Amino acid sequence: MEPANRSNYRLQYALALDEAGRVADALELMREVAAELAARIGAEARKTLTVRSNIAFFLGKLGRPDEALTLQRELLEIHERLHGPEHPDSLAARASLAAVTFQAGRFADAAALLAPVRAVRLAALGPDDPQVLTLTANLAATRSRAGFAEEAIELEADVLARRAQLLGARHPETLWARSNLAASCRRAGRTAEAVGHARQAHLDALEAFGADHPTTRQVAVGLADALRADGRAAEAAVLAEAEWSTALAEGAASGPTAVQACTVLARTAHAEGRPDRVAALVAPALAAAADGLGLDHPDVLLLRHLSALATGSATEVGEVLAALAAALGDRHPSYLEAVRLGGAG
């Protein structure tokens, strides 16, 4: 096999490993590909830099945000030195840095990185360009997670309308646009709208992918979160329990979808006054967090807060709330909701 073909094959295999949940194996293989490409075509060749960007993303998924951010910043510096700050490759590298920053739970910083990239590409390509739509969707998601859900809803509704017009109402990209809009509606307290969008996205995912596909599972947990927020705890628990049980069976309790499912169940148990149930649910997620999002990720901090409430540790509640305020800000809706659940803010 020719070296170029061998590299392409190994690259595709690494991406398949990642999709199958074998992120550590994917990372190891991607590093081998990067080293081979650097030796054969150069360390600053476009393909080599792209592979190294994938490495940064895998590091982020494995709960190693500092390494991921350091690598992605290095890649951005290389692109800007080679091409200038507004070259498409430099803008793509900045968007990749935003993605890794988002992975690390630094949502406001991610939005600040992404906004100028979208502005430049929007001016050059127009609002219906696929790249611009992706950038708009990603910017909206970062703004929503940063605590600006109403602002995100306006962007996401526009993305959904354009996706549906350009690709069709049942296209996977349209499905994701609807699911993202549902999440922002939930965060904004528009829970009936959230349930409507999330339920339609779930039906579309079932039709497009089947019940066991990772996309369907992720969308199902989004629906569970919307149902919980809308006061439909029993229906939410059925969906969340299905994902959480599957994640535990697969040894994948550290993934973002599993953490979200666990949080839905733990919040429901807390509302029902069942601290033993909360502690039992949260324990495996926190044990696995070091290999996933990391113990200081905001989503994991929310679980740690529920765990501290369940065990009655006022000291730990205060420490976790302080960490959550540092990560998100003391005016962020997630922090304020945690304070309302219990603890001095």
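Before going into details, it helps to say that this report is about the structure given with it.

## Remarks on the overall build of the chain
- Of regular secondary structure, the chain possesses 17 helices and 0 strands.
- Over its C-alpha trace the chain gives a radius of gyration of 20 Å, about what one expects of a compact globule, namely 20 Å for 345 residues.
- With respect to the principal axes defined by its C-alpha atoms, the chain has extents near 60 × 40 × 40 Å.
- At a minimum sequence separation of 6, the contacts of the chain that also span at least 24 residues come to 54%.
- As presented, the chain carries roughly 15800 Å² of accessible surface, and 53% of it is formed by carbon and sulfur atoms.
- Taken as two groups, the 35 positive and 43 negative side-chain charges of the chain have centres that lie 1 Å from each other.

## Side note on helix α2 (residues 23-41)
- A rise of 1.5 Å per residue sets the reference length of α2, with its 19 residues, at 27 Å; its end C-alpha atoms lie 26 Å apart and thus fit the reference within 8%.
- Within α2, burial applies to Val23, Ala26, Leu27, Leu29, Met30, Val33, Ala34 and Leu37.
- Considering only its buried residues, α2 is in contact with α1 (3-19) and α3 (46-61).
- Count one or two residues on from α2 and you reach Gly42, which has phi positive near 115 degrees.

## Let's talk about the packing of helix α13 (residues 256-271) against helix α15 (residues 298-311)
- Axis separation between α13 and α15 bottoms out at 10 Å; the angle between their running directions is 30 degrees. Overall, the two elements α13 and α15 adopt an arrangement that is roughly parallel. Considering only the axes of α13 and α15, their crossing is left-handed. Side by side, α13 and α15 meet where Val259, Cys262, Thr263, Ala266, Arg267 and His270 of the first sit next to Asp299, Leu302, Leu303, Leu306 and Leu309 of the second.
- Here the residues of the contact of α13 with α15 are counted per class, giving 7 nonpolar, 2 polar and 2 charged.

## Examining the side chain of Ser7
- Within the secondary structure, Ser7 sits in helix α1.
- For Ser7, the side chain forms a polar contact with the side chain of Glu36, separated by 2.3 Å.
- The contacts of Ser7, once residues within four sequence positions are left out, are Val33, Glu36, Leu37 and Arg40.

## Re helix α7 (residues 130-145)
- Its 16 residues give α7 an end-to-end C-alpha distance of 23 Å, which sits within 8% of 22 Å, the value for a rise of 1.5 Å per residue.
- Against the buried residues of α7 lie α5 (88-103), α6 (107-125), α8 (149-167), α9 (172-187) and α15.
- One side-chain oxygen at the N-terminal end of α7 lies 2.9 Å from the backbone nitrogen of Gln131; it belongs to Asp129.
- At the exit of α7 stands Gly147, carrying a positive phi of roughly 110 degrees.

## Describing the environment of Leu82
- Inspection of the secondary structure assignment puts Leu82 in helix α4 (residues 65-83).
- For Leu82, a relative accessible area of 38% puts it in the partly exposed group.
- Along the primary structure Leu82 and Glu44 are separated by 38 residues, whereas in three dimensions their C-alpha atoms are 8.9 Å apart.

## Thoughts on the nonpolar core
- Counting residues in hydrophobic clusters, the biggest one holds 42 residues, and the most contacted among them are Trp244, Ala266, Leu281 and Leu303.
- Here this core takes 8 residues from α13, the largest share from any one element.
- Those residues in contact with Trp244 that lie beyond four places of it in its chain are Ala253, Ala258, Ala261, Cys262, Leu265, Leu281, Pro284 and Ala285.
- With 40 residues, the next largest nonpolar core counts Val51, Leu69, Leu71 and Val100 among its residues.

## Observations regarding the pattern of salt bridges
- The tally for this structure, following the rule as stated, stands at 28 salt bridges.
- Between Asp109 and Arg106 there is a salt bridge; the shortest N-O distance is 3.2 Å.
- In this structure, the salt-bridge partner of Arg162 is Asp128, at a minimum N-O distance of 2.7 Å. One end of the pair, Arg162, is in helix α8; the other, Asp128, is in the loop between α6 and α7, and 34 residues separate them in sequence.
- With relative accessibility at 22%, the residue Arg162 sits in the partly exposed group.
- Assessed through its relative accessible area of 37%, Asp128 is described here as partly exposed.

Here is what the cut-offs are and how they apply
- Residues numbered from 1 in each chain as written.
- Predicted model: local features only at pLDDT ≥ 70, side-chain atom pairs only at ≥ 80, totals over all residues.
- Heavy atoms only, no water.
- Helix = DSSP H or I, 4+ residues; strand = E, 2+ residues; numbered from the N terminus.
- Rg over C-alpha atoms; globule rule 2.2 N^0.38 Å.
- Contact = heavy atoms within 4.5 Å.
- Areas by Shrake-Rupley, 256 points an atom, 1.4 Å probe, with all protein chains shown as cover.
- Lys, Arg positive; Asp, Glu negative; His and termini not counted.
- Charge placed at Lys NZ, Arg CZ, Asp CG, Glu CD.
- Expected span 1.5 Å × (residues − 1).
- Buried < 20%, exposed > 50% of the residue type's maximum accessible area, 1.4 Å probe, protein only.
- Axes fitted to C-alpha atoms, helices over the stretch in contact; angles between N-to-C directions.
- Parallel < 35°, antiparallel > 145°, perpendicular 65-115°, else oblique.
- Left-handed = near helix turned anticlockwise from the far one by under 90°.
- Nonpolar A, V, L, I, M, F, W, Y, C, P; charged D, E, K, R; others polar.
- Polar contact = N/O pair within 3.5 Å; in protein donor to acceptor, adjacent residues only side chain to side chain.
- Core = buried A, V, L, I, M, F, W, Y, C linked by side-chain atoms within 4.5 Å.
- Salt bridge = Lys/Arg side-chain N within 4 Å of Asp/Glu carboxyl O.

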